[in-house]
Amino acid sequence: MRGRDRTGRSAETEPSGSPEEQAKRAVEYALRALSRRGLTAAELRARLSARGFAEVAVDAALGRVQELGYLDDAAIADAVLREASRAHHGTRRIARTLARRGVAASVAESAVRDRHDDDLASARAFLAKRFPGGVGGDARVRARALRMLASRGYSHEVARLAVGVDVDLDD
């Protein structure tokens, strides 16, 4: 059965052939996919399954690319952390991103734990960039700053400490 992928190219949705041939094609597809973008094991598994590869072929492909060193959830977690640091995202948002990308829970917990200590400094840096003159004493501006930090994935406690006020978002 043939279908079309995102690029409009014809793609087999149910690869045929012997299990060895399927495994070989799955490895080739996995290597092409990984050459374009770093993927977690879960993301690669989903892509291979969506292409119609049998579970045995998917497992074989994942094993082979992992043997070759091209599949590393810890490296993906590090990349997510670097991007989050650049974009001033908090640990809650980082944890959601890692979970969405299928990073192993132990790797994600370790990454978030290491990043948690930097949350307050990151939140303050974001506020300094966003409010060059400071947040000031206006309750509306403070509430806006708190909402902005919350939307970027900072905990309520970190957001309040960064703003320097002891108010709730509802105030």
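Refer to the structure above for everything that follows.
Residues numbered from 1 in each chain as written. Predicted model: local features only at pLDDT ≥ 70, side-chain atom pairs only at ≥ 80, totals over all residues. Heavy atoms only, no water.

Student: Would you mind going over helix α6 (residues 105-116) with me for this structure?
Tutor: Turn by turn, an α-helix covers 3.6 residues, leaving residues three or four places apart pointing in a common direction. Here α6 spans 16 Å end to end across 12 residues, near enough to the 16 Å set by a 1.5 Å rise per residue. If you check which residues of α6 are buried, you get Ala-108, Ala-111, Val-112 and Arg-115. On an axial view of α6, the arc spanned by its buried residues comes to 95 degrees, and they lie on one face. Pointing more than 90 degrees away from the buried face of α6 are the exposed residues Ser-106, Glu-109, Arg-113 and Asp-114. (Helix = DSSP H or I, 4+ residues; strand = E, 2+ residues; numbered from the N terminus. Expected span 1.5 Å × (residues − 1). Buried < 20%, exposed > 50% of the residue type's maximum accessible area, 1.4 Å probe, protein only. Arc of directions from axis to C-beta.)

Student: Explain the environment of Arg-160 to me, please; I cannot follow it from the model alone.
Tutor: Mapped onto the secondary structure, Arg-160 falls in helix α9 (residues 156-163). What makes Arg-160 partly exposed here is its relative accessible area of 25%. With 40 residues separating them in the primary sequence, Arg-160 and Leu-120 have C-alpha atoms 9.6 Å apart.

Student: So what exactly am I meant to see when it comes to α9 here?
Tutor: Three or more residues of α9 are buried, namely Val-158, Ala-159, Ala-162 and Val-163. Looking down the long axis of α9, one finds its buried residues gathered within 130 degrees of arc, a one-sided arrangement. Where the residues of α9 are buried, they touch α7 (119-130) and α8 (139-151). Phi turns positive one or two residues past the end of α9, at Gly-164, with a value near 85 degrees. (Contact = heavy atoms within 4.5 Å.)

Geometric values such as these leave the question of function open.
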